[in-house]
Amino acid sequence: MIVSDSDDAPWVSIPASDRRMIGGVDIRDVAGCTCLRLRRAGRMATQIFDAHLQPVGLTVGQFGVMAQVYGCSLWRPPMTMKELSTIVGMDPTTLNRTLKPLEAQDLVRIEPDRRDRRARCIRLTMSGRDRLAQAMPLWRAADDELHRTVGAEATLALSGLLSLAGEKLRKPE
């Protein structure tokens, strides 16, 4: 590629050391951005889990929501949309987008809360429980693959750090 002093490349007349600055920040600082590194690692882990869960037609995001709904149903009344969004760390709009295909497949049911008719509760259907049961060994295989790939010690450290970061980043209610 030939670079010229045209309007298409006005930066070529700027010394290389000054070109690294944009908006008052050195572009190299972005390479160390914790959020971008976390998102990249998250995407790579998601690919592993989604590939394993594909035979049952779930993404790891859908699986996680279904597992949370099931787990909480063992000890409490159905969660409202707001409670579930807080627990999974998802804004209600994103949670709704995750739940819609599950509802369309009759894996979850969204219905008015008996305690507050303005709120909506999420329940796992029997089909949802069956699908979750089918997904569990696939999730386990994906989790085992991630542990083997990253290493036991690194996985343990990463889990601890992510839990700590999640607690510190959680917004007070």
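About the cut-offs
Residues numbered from 1 in each chain as written. Predicted model: local features only at pLDDT ≥ 70, side-chain atom pairs only at ≥ 80, totals over all residues. Heavy atoms only, no water. Helix = DSSP H or I, 4+ residues; strand = E, 2+ residues; numbered from the N terminus. Buried < 20%, exposed > 50% of the residue type's maximum accessible area, 1.4 Å probe, protein only. Areas by Shrake-Rupley, 256 points an atom, 1.4 Å probe, with all protein chains shown as cover. Core = buried A, V, L, I, M, F, W, Y, C linked by side-chain atoms within 4.5 Å. Contact = heavy atoms within 4.5 Å. Lys, Arg positive; Asp, Glu negative; His and termini not counted. Salt bridge = Lys/Arg side-chain N within 4 Å of Asp/Glu carboxyl O. Polar contact = N/O pair within 3.5 Å; in protein donor to acceptor, adjacent residues only side chain to side chain. Expected span 1.5 Å × (residues − 1). Arc of directions from axis to C-beta. Pairing = 2+ DSSP bridges.

The protein is annotated in an unreviewed UniProt entry as MarR family winged helix-turn-helix transcriptional regulator from Acidiphilium iwatense.

(A) The overall build of the protein, seen in detail. When you go through the protein residue by residue, the secondary structure sums to 7 helices and 5 strands. Along the protein, helices and strands appear, N-terminal first, in the series α-β-β-α-α-β-α-α-β-β-α-α. Put simply, the protein has 173 residues, and 23% of those count as buried. Surface exposure of the protein reaches about 12200 Å², of which carbon and sulfur atoms provide 58%.

(B) Quick look at the nonpolar core. With 21 residues, the main nonpolar core has Leu58, Met66, Val69, Leu84, Leu99, Leu102 and Ile122 as its most contacted residues. Elements with a minimum of two residues in this core: helix H3 (60-73), helix H4 (81-88), helix H5 (92-104), strand S4 (108-112), strand S5 (120-124) and helix H6 (126-150). If you tally residues by element for this core, the top one is H3, at 5 residues. The contacts of Leu58, once residues within four sequence positions are left out, are Asp50, Leu53, Met66, Leu102, Leu107, Arg131 and Ala135.

(C) Fine view of the side chain of Arg131. Mapped onto the fold, Arg131 is located in helix H6. The side chain of Arg131 sits in the buried core without any salt bridge; Asp130 is the nearest counter-charge, 8.6 Å away. Only 3.1 Å separates the side chain of Arg131 from the side chain of Gln105, close enough to count as a polar contact.

(D) Geometry of helix H2 (residues 34-53). Counted at 1.5 Å a residue, the expected span for H2 with its 20 residues is 28 Å, and the 28 Å between its end C-alpha atoms agrees. All buried positions along H2 are accounted for by Ile48, Phe49 and Leu53. Across the axial projection of H2, the buried residues extend over an arc of 130°, all falling on one side. Pointing more than 90 degrees away from the buried face of H2 are the exposed residues Arg39, Arg40, Gln47 and Ala51. Where H2 is buried, its residues meet H3 and H6.

(E) Seen up close, the sheet that holds strand S3 (residues 79-80). In space, the 3 strands of this open sheet follow the order S3-S5-S4, with antiparallel pairing throughout. At either end of the open sheet lies a strand with only one pairing partner, and these are S3 and S4. Here S3 runs beside S5; their pairing, made up of 2 bridges, is antiparallel. Paired with Thr80 across the bridge in S5 is Cys121.

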